[in-house]
Every structure is written in C-alpha cells, then in structure tokens.
Amino acid sequence: MKQFLFLFVFALTTSLVQSQENLPTDYLTKEFHQGRREAFRALMPANSVAVVFSYPERVFSRDIDYNYHANPDMYYLSGYKEPDAILLIFKEAQGTEKYNEVLFVREKNATREMWTGRRLGIEGAKSKLGFTTVYNGKDFNAFAIDFSKFDKVIYDEFPTDAKESDHPDNLYVLLKSFKSKAGITKANEDSTNLFSKITSSLREIKTPEELVLMRKTVKLSCIAHNEVMKAVGPDMSENEVDGIHAYIHKHYGAEAEGYGPIVGAGANGCILHYWENNATKIDNQLLLMDVGSEYHGYSADVTRTIPANGKFTEEQKAIYQIVYDAQEAVFKICKEGTPLVALNETAKDVIAKGLIKLGIITDPKDVRLYYPHSCSHFLGLDVHDKGTYNGPQTLIKENMILTVEPGIYIPANSKCDKKWWNIGVRIEDDILMLKDSYENLSADSPRKWQDIEALAKQKSTFNDMKFPKI
C-alpha cells in the first residue's frame, strides 16, 4: 500500500510539472523582478527591512473563493502570484550567508495541488523567480530575525480579511507571527507611508518590459471595443456586450478584466460605477462601455460611448463633441513637466464652456453637476495604479501612463431641458507620457463620432452567431 501511495504521488507530481510547460512565454522575467527589488532597496533608509505580504484568498460564496489575484506589490517585487507568502528585503546583507532578501512560500503538496492548483514551492521560487534564499511559510515563525535591531521596519497596511486558521503557513498565522516578532499591535503610519512612497515612485514610471505588456493589454481592449461597435444593436443586452469584451480578452490571452466592466445604456451610462450590466435591451440609446483587460497583471482602462443603432442623435452628438474637445485639449499638454492637476483643470474648463453654450448650465462652477470626477489617474498593475499625488507639486514624468477620461452625465430630472436627460458620455484613453509629447496607447479604437458611425456600418463576426432558444 505504501508503495502504491508513493507511486501515485510521484505520478501526480510528474503530471503537474509536465502540464506547466504549456504556458504563455511573455511573462515578465525573473531579471525584471530582481531589478525592481534592487530599485526598491536603493530607496530604503540605512539599516532597514521591508516586509511584503501576499493578498489573502477571498470568499466568493460560502466555501468557494474568487479566482486568486496576487498583491500587485508582491508580484512586482518577486513575480510570486500565490497566497500565503512573505517577502523580506534588507537594505544591507544579513548573516554569515550575506543574504539581502528572503522569500517564504507555500509548501509543495501534491494532494493539495490536485485540488487547488500548482504551487511553485521552494525549488520553483529559486529556479523560476531567481531567489537564492527561500523557505516554506511554516518556517517563518522559527526564522531567526530580530526586527528590533533595525532602525526602520517598512511594510504596507495589513490585510484585514485573512481567513483565521491555525495552519502554520496560512497568511493569518504569518501575519500574527510577524506582529509578534516585530512587537507590533497595529500598523505604524510612518512605516506604511514609507512603503507607499517607495512603491509609488517605482510603479508610476513604467520600464520597457512593462510597456510591452501595457501596449498589448490596451491593444486587445481596443479590438474588443471596436468589435462591439460593429456588433451592437438595440435588441442586444448590456450583458451580451459585456460578454463580447470578455470573449475577445480571453481569445488574446488576457487572464481577466482589470476591474468590474461598466456597460451602461441610457440612464445607466450616467452612473459612474455601474456594474450590474443587466438591462435586457439597450434600445436606441447611447451605450457607455468602460472595459479594459488585464494581461499578465497589467490593466487597460478604455471607455467608448456609442449609439446602439449606429447613429448619434443631434443632442447626443452635441454632448459627445464637448467631451471629445475636452480630451483633445488635454492631449495638447500631455508631456513631462506638466502639473498633473492641469489635466483636469483643462478638461473642466472646456466642458464648462460647452455646457454653457448649450444652455445646460449658466455658471461655470456648476460643471461639477455633470462632470463630477477627475480627468486622470495612473494606470498599470492596478487600474487605479500607484503613483504620487501631491497636488500642484506633482509633475508628469516621462514613461508615466495616465488615463485621460473627461465625461458628461445628465441624469433624468436634471435642471435642464429634458432633451438632454439620460445622456451619459465618457471617452477614456490610456496615454504614455513622453519627454515632449505623448503616445495614445488606445488610438486603435476610434474616438471621433464620425469614425464610430462609420465602423458601426461594418459587419461583426458576432452578428452571425446563433444559439438555441431557452
């Protein structure tokens, strides 16, 4: 019996290892992650240690978890995408072995991997991620480290929803063990602020390797938007449109969407974060689609607003043109050295003048009634990516990626002519900032209303798809 169990586990382990070979080949390299740790280390104060935790697994329903999403900082600094892990980064080399980083990972377990998926384990973290000092998570509690000897212990806010467990390599236990070792009862603001400052300063500037992935995730998101422009019709549901985006994202290898897709028709398009996507018919209304893929951890964020019947009404066209003009005005100042706040101020000024001209408002201050959000945010590993926001002092730098997303939303019962009610328009593009100009990464998806109407006349592959009635 023992021999049988040994052979079973051996066969299972061999099968899992072999099945790992059929994977994408364009992930970030271990050299990239090593370089990010070196960059992080260079910004650490003397005699300090940084502690990075994985995100916890999160419950979808009862005993079913959501598909796991790695902590972007953990992934950025290590390449590790599994739960129940801790990364230590030291400013100076430690011990007689002169190590400057230690990674604690989930232990290899063939039986558990059969149920919940592959694990890198110690050897995988060494060979695939480039670490030399790796332990199982269960070894963290006994790991000889005196946090009190460091002038600074740097860490992010602690996850608050780790599942309670007494298993030695569970994140809940790892957090508890760290707090005990470091003599911490609650997160120290100075430590978390420093962690955020360092990671924000790094992640806001995209490296050449990251730009390859960003261009791909934005490109395939544009393809999805364009296909919807061709396929959409008044009888289609919001959910169907959502599904077209998801299918195209998956077709090109994206793991998921970078955020909950927003597909809102008519009045629903006036809800900034409308996630239900459950209207059964779009009808002859505008359709606002804020949908972006996530490819190998990197999120696109593209919004297009289109007429479901392929033709803008005069009122829809008038509002759309104001938003387009605001975006064009912002593009003109997209370059290194421009204050980040200037992007929103420029958009707000154009929109205010446009709404006054249409008689929708009379006072420029009332622009916030119909344009209530800001124009830009950082984009990358998070859809609202880390970056430095210090008001007027924050200047755009080369190789930042920022969204430019002005919008106008006029819900029913607004204090204006009824002909404007339930018109919601947002146009959002992903902009790579250059030294003296910019690159619109999402330029492949049309923005001019004339070009959208022209594309809507083309036939989509999805128009010929037939399904059984139920």
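Residues numbered from 1 in each chain as written. Predicted model: local features only at pLDDT ≥ 70, side-chain atom pairs only at ≥ 80, totals over all residues. Heavy atoms only, no water.

1. Focus: the overall build of the chain
Across its full length, the chain holds 13 helices and 18 strands. For the chain, whose C-alpha radius of gyration is 25 Å, the value lies close to the compact-globule estimate of 23 Å for 470 residues. Across its three principal directions, the C-alpha atoms of the chain cover 75 × 60 × 35 Å. Burial statistics for the chain: of 470 residues in total, 51% are counted as buried. For the chain, the proportion of contacts with a sequence separation of at least 24, taken over those separated by at least 6, is 73%. Entry remark: accessible area of the chain is about 22,800 Å², with carbon and sulfur atoms responsible for 52%. With 57 positive and 65 negative side-chain charges, the chain shows a spacing of 1 Å between the two charge centroids. (Helix = DSSP H or I, 4+ residues; strand = E, 2+ residues; numbered from the N terminus. Rg over C-alpha atoms; globule rule 2.2 N^0.38 Å. Buried < 20%, exposed > 50% of the residue type's maximum accessible area, 1.4 Å probe, protein only. Contact = heavy atoms within 4.5 Å. Areas by Shrake-Rupley, 256 points an atom, 1.4 Å probe, with all protein chains shown as cover. Lys, Arg positive; Asp, Glu negative; His and termini not counted. Charge placed at Lys NZ, Arg CZ, Asp CG, Glu CD.)

2. Observations concerning the sheet that holds strand E7 (residues 152-155)
In spatial order, the strands read E6-E5-E4-E1-E7; together these five strands make up an open sheet with mixed pairing. The two strands at the open ends of the sheet, each matched to only one other strand, are strand E6 (134-136) and E7. Shown here is a sheet whose adjacent strand axes are inclined to one another by a mean of 20 degrees, direction ignored. Inspection of the sheet shows strand E1 (residues 48-53) paired to E7 by four bridges, in the parallel sense. The residue bridging Ser48 from the neighbouring strand is Lys152, located in E7. (Pairing = 2+ DSSP bridges. Axes fitted to C-alpha atoms, helices over the stretch in contact; angles between N-to-C directions.)

3. A look at the packing of helix H8 (residues 208-231) against helix H13 (residues 449-456)
H13 packs onto H8 with a crossing angle of 65 degrees between their chain directions and a minimal axis gap of 7 Å. Here H8 lies roughly perpendicular to H13, going by the angle between them. In contact with Asn226, Met229 and Lys230 of H8, H13 contributes Ile452, Leu455 and Ala456. Its residues placed into classes, the contact of H8 with H13 shows four nonpolar, one polar and one charged. (Parallel < 35°, antiparallel > 145°, perpendicular 65-115°, else oblique. Nonpolar A, V, L, I, M, F, W, Y, C, P; charged D, E, K, R; others polar.)

4. Here's the deal with the packing of aromatic side chains
Per the stated rule, a full pass over the model turns up 20 aromatic pairs. Ring centres 5.1 Å apart and planes at 85 degrees place the aromatic pair Phe104 and Phe140 in the edge-to-face group. In this pair, Phe104 sits in strand E5 (residues 99-105) while Phe140 sits in the loop between E6 and E7, placing the two residues 36 residues apart along the sequence. Across the pair, exposure class does not vary: Phe104 and Phe140 are buried alike. An aromatic cluster of three or more residues is present, and its members are Phe90, Tyr99, Phe104, Tyr135, Phe140, Phe143 and Phe150. Its end group placed over the ring of Tyr55, Arg58 keeps NZ or CZ at 5.1 Å from the ring centre. Taking NZ or CZ as reference, Arg368 lies 5.8 Å from the ring centre of Tyr371, over its face. (Phe/Tyr/Trp six-rings, centres within 6.5 Å; stacked < 30°, edge-to-face > 60°. Lys NZ or Arg CZ within 6 Å of the ring centre and 35° of its normal.)

5. A closer look at the sheet that holds strand E17 (residues 429-433)
One open sheet accounts for three strands, arranged E14-E17-E18; its pairing is antiparallel. At either end of the open sheet lies a strand with only one pairing partner, and these are strand E14 (401-404) and strand E18 (438-440). Neighbour-to-neighbour, the strand axes of the sheet open up by a mean angle of 35 degrees, direction not taken into account. One ladder, built from four bridges, connects E14 with E17; its direction is antiparallel. Considered in E17, the bridge of Leu402 is made with Ile431. Across the sheet, H8 lies against E14, E17 and E18, angled at about 160 degrees from E17, the strand it touches most.

6. Some thoughts on H8
The first and last C-alpha atoms of H8 sit 35 Å apart over 24 residues, in line with the 34 Å expected at 1.5 Å per residue. Of all the 24 residues making up H8, 17 are buried; the element is thus mostly covered by neighbouring parts of the structure. (Expected span 1.5 Å × (residues − 1).)

7. Side note on the nonpolar core
Counting residues in each nonpolar core, the largest one holds 58 residues, and the members touching the most others are Val241, Leu287, Ile319, Leu355, Ile360 and Ile408. Element by element, the count of residues in this core is highest for helix H10 (residues 314-331), at eight residues. (Core = buried A, V, L, I, M, F, W, Y, C linked by side-chain atoms within 4.5 Å.)

8. Topic: the confidence of the model for the chain
Taken residue by residue, the chain gives an average pLDDT of 95. The fraction at 70 or more is 96%. The lowest-confidence element of the chain is helix H1 (residues 2-19), averaging 43 in pLDDT; the highest-confidence one is E17, averaging 99. Low pLDDT (under 50) marks residues 1-19, which in the prediction has ten contacts with non-local residues, meaning those over four places away or in another chain. (pLDDT = per-residue confidence, 0-100.)

9. A look at the side chain of His296
Residue position: His296 is located in the loop between strand E11 (293-295) and strand E12 (298-299). Side-chain polar atoms of His296 contact the side chain of Asp26, separated by 2.6 Å. A distance of 3.5 Å separates polar atoms of two side chains, one belonging to His296 and the other to Tyr295. Excluding its chain neighbours within four sequence positions, the residues that come into contact with His296 are Pro24, Asp26, Tyr27, Tyr75, Leu213, Gly253 and Glu255. (Polar contact = N/O pair within 3.5 Å; in protein donor to acceptor, adjacent residues only side chain to side chain.)

10. Description of helix H7 (residues 189-203)
Over its 15 residues, H7 extends 21 Å from the first C-alpha to the last, a length consistent with the 21 Å expected when each residue adds 1.5 Å. Buried within H7 we find Ser191, Thr192, Leu194, Phe195, Ile198, Thr199, Ser200, Leu202 and Arg203. Along its buried surface, H7 packs onto helix H2 (30-43), E1, helix H3 (72-78) and E7.

11. Things to note about the pattern of salt bridges
Oppositely charged side chains can form a pair if their charged atoms are brought close together. Scanning the entire structure with this criterion turns up 29 salt bridges. A salt bridge links Glu113 to Lys108; the nearest nitrogen and oxygen atoms lie 3.0 Å apart. Note on Glu113: relative accessible area 4%, which makes it buried. Taking the relative accessible area as the measure of exposure, Lys108 reaches 37% and is therefore partly exposed. Among the charged side chains, a network of salt bridges with common partners joins Asp73, Arg203, Lys206, Asp382, Asp385 and Lys386. (Salt bridge = Lys/Arg side-chain N within 4 Å of Asp/Glu carboxyl O.)

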